[in-house]
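Here are the chains, one letter per residue:
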Amino acid sequence: MSASRYTYLGPEGTFTEAALRTLPEAATRELIPMISVPAALDAVRTGDAAAALVPIENSVEGGVTATLDELALGEPLMIYREVLLPIAFALLVRPGTGLEDIKTVTGHPVAQPQVRRWLAANLPDAVWESSASNADGARQVQEGKIDGAFAGEFAAATYGLNPLVTDIHDAENAATRFVLVGRPARPAAPTGADKTSTVIWLGDDHPGALMELLQEYAVRGVNLLRIESRPTGEGIGRYCFSVDCEGHISDRRVGEALMGLKRVCPNVRFLGSYPRAGIGAGDVSPARPGTSDDDFTSAADWLNRSLDGRG
Ligand SMILES: O=C(O)C(=O)C[C@]1(C(=O)O)C=C[C@@H](O)C=C1
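About the cut-offs
- Residues numbered from 1 in each chain as written.
- Predicted model: local features only at pLDDT ≥ 70, side-chain atom pairs only at ≥ 80, totals over all residues.
- Heavy atoms only, no water.
- Axes fitted to C-alpha atoms, helices over the stretch in contact; angles between N-to-C directions.
- Helix = DSSP H or I, 4+ residues; strand = E, 2+ residues; numbered from the N terminus.
- Parallel < 35°, antiparallel > 145°, perpendicular 65-115°, else oblique.
- Left-handed = near helix turned anticlockwise from the far one by under 90°.
- Contact = heavy atoms within 4.5 Å.
- UniProt positions renumbered as here; feature names shortened; annotations may be inferred.
- Patch = residues over 30% accessible without salt bridge, like charges linked within 9 Å, V, L, I, M, F, W, Y side chains within 5 Å.
- Areas by Shrake-Rupley, 256 points an atom, 1.4 Å probe, with all protein chains shown as cover.
- Salt bridge = Lys/Arg side-chain N within 4 Å of Asp/Glu carboxyl O.
- Buried < 20%, exposed > 50% of the residue type's maximum accessible area, 1.4 Å probe, protein only.
- Core = buried A, V, L, I, M, F, W, Y, C linked by side-chain atoms within 4.5 Å.
- Domains from an automatic or database assignment.
- Phe/Tyr/Trp six-rings, centres within 6.5 Å; stacked < 30°, edge-to-face > 60°.

A short note on the packing of helix α2 (residues 37-45) against helix α3 (residues 65-73)
Then comes step 1: In contact at an axis separation of 9 Å, α2 and α3 are set at 30° when each is read in the N-to-C sense. In terms of axis orientation, α2 runs roughly parallel to α3. Here α2 runs over α3; the crossing is right-handed. Along its contact with α2, which presents Val37, Pro38, Leu41 and Arg45, the element α3 presents Ala66, Thr67 and Glu70.

The following block contains the structure:
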């Protein structure tokens, strides 16, 4: 195993690579581009890499399903960091190509909804062909297979292309969230602004089943940040839930919520507690009354005193 290697969704020039390079430790690691999210994660599973950076969520298109499904259903891995990157695309073409020459365009499937309105207004007749990543699209333009690729402007130099139009983004403030994933180990200590990710399977289908899942968080004052259902692949109507909540597994209210879920759900997969990107401890709202660590500790003390007849 190589502790010095990090894989990422490649090839060179992806937004994922740009996000990875914002991590201070990336400077001292060998960064290895992989062709797909599963390939990047498998290198971690086999021990070929210490960690992988992969996209997990886009503010326009939502969850990156390849990542969500790998983390939910593949051999267990854990999230250690998240990175938020603002996303604006450039339309990359071979030198000499003008807008009027473009008949085919490409990008990652997550890129398409982010440029749909721009395409309709500027290249209404261009045919979209999805690529494995935005940089893979740029490589296909370089090879002459496609006329234009939506990718980061920084990918132009890597592939000898020209950024014909820059700063393309249908939605203001579009951003993609990436996660640094490693093999399961002890989570890093809490920072005061943390996030805990889980995947939760519901038991038998009955009225209020999802509400029962949610109330494990609600009654302990744990704020949910994201909840998404994903098919388990076992048949129509079989879902699991990918859930992010505020706080660290070592916060009593979060640990108690996870224990509550573990009691009532057939399967709960802990995906990690890690620092929230872009948010400091000072930005997190205080625990709701009755849900701080001290509140849980004094309630447990009271129970023990009661059991001892000292109530
Ligand atoms: O990293 C890249 O360049 C990718 O192609 C992946 C990805 C994603 O899956 O979200 C990254 C950012 C953009 O939002 C679109 C695509």
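Further notes follow.
A closer look at the UniProt feature "domain: Prephenate dehydratase" (unreviewed entry) in the protein
Then comes step 1: The feature "domain: Prephenate dehydratase" (unreviewed entry), as annotated in UniProt, sits at residues 5-183 in this numbering.
Then comes step 2: Taken end to end, residues 5-183 has its terminal C-alpha atoms 13 Å apart, with 27% of it in helix and 34% in strand.

Remarks on a nonpolar patch on the surface
Then comes step 1: Nonpolar side chains collect at one region of the surface, where Leu210, Leu214 and Ile227 lie side by side and expose about 210 Å² of accessible area between them.
Then comes step 2: Assessed through its relative accessible area of 34%, Leu210 is described here as partly exposed.

Re the nonpolar core
Then comes step 1: Counting 29 residues, the largest nonpolar core has Leu91, Val105 and Phe150 as its most contacted members.
Then comes step 2: Taken together, domain 1 (1-86 + 174-185) and domain 2 (89-168) each give at least three residues to this core, which thus spans both.

Describing unusual backbone geometry
Then comes step 1: Look at the link from Gly10 to Pro11: it is a cis peptide, with omega at 0°.
Then comes step 2: For Pro11, the position within the fold is in the loop between β1 (5-9) and α1 (15-20).
Then comes step 3: With phi around 55°, Asp167 is a residue other than glycine that occupies positive phi space.
Then comes step 4: Phi angles above zero are rare outside glycine, and Asn173 is one such case at about 60°.
Then comes step 5: When its relative accessible area of 69% is taken as the criterion, Asn173 is described as exposed.

Some words on the packing of aromatic side chains
Then comes step 1: Using the criterion set out here, one finds four aromatic pairs in the structure.
Then comes step 2: Ring geometry for Phe15 versus Phe89: centroids 5.4 Å apart, planes at 85°, classification edge-to-face. Taken together, the residues Phe15 in helix α1 and Phe89 in strand β6 (residues 89-93) connect sequence positions 74 residues apart.
Then comes step 3: On the basis of relative accessibility, which here comes to 6%, the residue Phe15 falls in the buried class.
Then comes step 4: An aromatic cluster is built from Phe15, Phe89 and Phe154, whose rings are joined through pairwise contacts.

Describing the pattern of salt bridges
Then comes step 1: Scanning the entire structure with this criterion turns up 20 salt bridges.
Then comes step 2: As a salt-bridge pair, Glu17 and Arg21 come within 2.9 Å of each other at their nearest N and O atoms.
Then comes step 3: For Glu17, a relative accessible area of 10% puts it in the buried group.
Then comes step 4: The residue Glu82 makes a salt bridge to Arg177 at a minimum N-O spacing of 2.7 Å. Of this pair, Glu82 sits in strand β5 (residues 78-86) while Arg177 sits in strand β11 (residues 175-182); the two residues are 95 residues apart in sequence, bridging distant segments of the chain.
Then comes step 5: What you see here is one network of salt bridges that share partners, running through Glu57, Glu82, Arg177, Lys195, Arg226, Glu228 and Asp244.

As for the UniProt feature "site: Essential for prephenate dehydratase activity" (unreviewed entry) in the protein
Then comes step 1: This chain's UniProt record puts "site: Essential for prephenate dehydratase activity" (unreviewed entry) on Thr176.
Then comes step 2: Structurally, Thr176 can be placed in strand β11.
Then comes step 3: Excluding its chain neighbours within four sequence positions, the residues that come into contact with Thr176 are Pro55, Glu57, Asn58, Val83, Leu84, Leu85 and Ile87.

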